[in-house]
Amino acid sequence: SILAVVMLLFLVIVFPSPITGALTSSNATIQGNVNALPNQLNLSPSIISKNILSGQNASDVFNVSALFPGNIGLNVTLSTSGEIASWIYLQTNILNLTPGEETTVNFNISVPSGQAERFYYGYINASSQDGQNKSIYITINVNSNLGRIKLYVNDSTGSSIQGATVFIWNST
């Protein structure tokens, strides 16, 4: 039938990959195999840097997406690696993304107490069922003095005033 031929031409144009199967003219159906196209795995951002005190933690997020041109979803497994792998807690380790979907993943980094002051490195890794692999590079600056301000209040002669109170406010 003409309808079956039109449908076959449509499939050849939309799916230029080889189509195999049978064309049945009595009921105008097309049976066959069309190659499925996976979506492109994407992680963002590609780099995360944090300043965290020894014994403290910080939270953040990253995005995982299944970008077009694919027509099938992605099953994504998340993991951590590097010297800070055991410091990173991911909200989830398994994602099932539909074509074009983007999702946000929360994570927490806990720096062990007594950790030496220096930079530490690691990765959050994503791998999909079709062999795609992406990573986010994580840098942690452990610094025991981070965020602390030490103030000295002196009188007019330059002598230190013990027990002075200093008020700081934000006027914006």
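In this report, the structure presented in the accompanying data block is examined. None of these values were measured; they are calculated from a predicted model.

### Brief notes about the overall build of the protein
Logical step 1: Regarding its fold elements, the protein presents 1 helix and 11 strands.
Logical step 2: By sequence separation, contacts in the protein at least 24 residues apart represent 62% of the contacts at least 6 residues apart.
Logical step 3: In the form shown here, the protein has an accessible surface area of approximately 11000 Å², with 54% of it arising from carbon and sulfur atoms.

### Quick word on unusual backbone geometry
Logical step 1: In this model, Ser 44 is joined to Pro 45 through a cis peptide bond whose omega is 0 degrees.
Logical step 2: Topologically, Pro 45 is positioned in the loop between strand 3 (40-44) and strand 4 (47-52).

### Looking at the sheet that holds strand 8 (residues 94-97)
Logical step 1: Spatial strand order, 4-11-10-6-8: 5 strands in an open sheet with mixed pairing. Looking at which strands have only one partner, the edges of the open sheet turn out to be strand 4 and strand 8. Looking at each pair of strands side by side, their axes are set apart by 25 degrees on average, direction ignored.
Logical step 2: Sheet topology note: the strand 10 (residues 118-128)/strand 11 (residues 133-142) ladder contains 10 bridges and is antiparallel. Pairing of Arg 118 across the sheet is with Val 142, part of strand 11.

### Describing the sheet that holds strand 9 (residues 102-110)
Logical step 1: Overall, antiparallel pairing links the 4 strands, which are arranged 3-5-9-7 in an open sheet. With partners counted over all chains shown, the strands left at the sheet margins are strand 3 and strand 7 (88-90), one partner each. Put simply, the sheet's adjacent strands are angled 25 degrees from each other on average, direction ignored.
Logical step 2: With 5 bridges connecting them, strand 3 and strand 5 (residues 57-67) associate as antiparallel partners. Bridging across to strand 5, Ser 44 finds its partner in Asn 63.

### Focus: the environment of Ser 79
Logical step 1: Turning to its location among the elements, Ser 79 is positioned in strand 6 (residues 74-82).
Logical step 2: Note on Ser 79: relative accessible area 34%, which makes it partly exposed.
Logical step 3: Filtering out sequence-adjacent residues up to four positions away, Ser 79 remains in contact with Leu 90, Tyr 123, Ile 124 and Asn 125.

### Topic: the environment of Asp 60
Logical step 1: The residue Asp 60 is located in strand 5 in this model.
Logical step 2: In the structure, Asp 60 is positioned 45 residues away from Val 105 in sequence and 8.6 Å away in space, judged by C-alpha atoms.
Logical step 3: Every residue in contact with Asp 60, bar those within four places of it in the chain, is listed here: Ile 48, Lys 50, Val 105, Asn 106 and Phe 107.
Logical step 4: Polar contacts involving the side chain of Asp 60 include one to the side chain of Lys 50, which spans 3.0 Å.

### A closer look at the packing of aromatic side chains
Logical step 1: Within this structure, the stated rule accounts for 4 aromatic pairs.
Logical step 2: On the numbers, 5.0 Å between centres and 55 degrees between planes, the contact of Trp 87 with Tyr 120 is tilted. Placement of Trp 87 in the loop between strand 6 and strand 7 and of Tyr 120 in strand 10 is noted, with a sequence separation of 33 residues between them.
Logical step 3: Overall, the relative accessible area of 8% leaves Trp 87 in the buried class.
Logical step 4: Looking at Tyr 120, the relative accessible area reads 3%, which means it is buried.
Logical step 5: Judged by centre distance (5.4 Å) and plane angle (55 degrees), the rings of Tyr 123 and Tyr 137 are tilted. Pair noted here: Tyr 123 is in strand 10 and Tyr 137 is in strand 11, with a separation of 14 residues, a long-range link.

Procedures and definitions
- Residues numbered from 1 in each chain as written.
- Predicted model: local features only at pLDDT ≥ 70, side-chain atom pairs only at ≥ 80, totals over all residues.
- Heavy atoms only, no water.
- Helix = DSSP H or I, 4+ residues; strand = E, 2+ residues; numbered from the N terminus.
- Contact = heavy atoms within 4.5 Å.
- Areas by Shrake-Rupley, 256 points an atom, 1.4 Å probe, with all protein chains shown as cover.
- Pairing = 2+ DSSP bridges.
- Axes fitted to C-alpha atoms, helices over the stretch in contact; angles between N-to-C directions.
- Buried < 20%, exposed > 50% of the residue type's maximum accessible area, 1.4 Å probe, protein only.
- Polar contact = N/O pair within 3.5 Å; in protein donor to acceptor, adjacent residues only side chain to side chain.
- Phe/Tyr/Trp six-rings, centres within 6.5 Å; stacked < 30°, edge-to-face > 60°.

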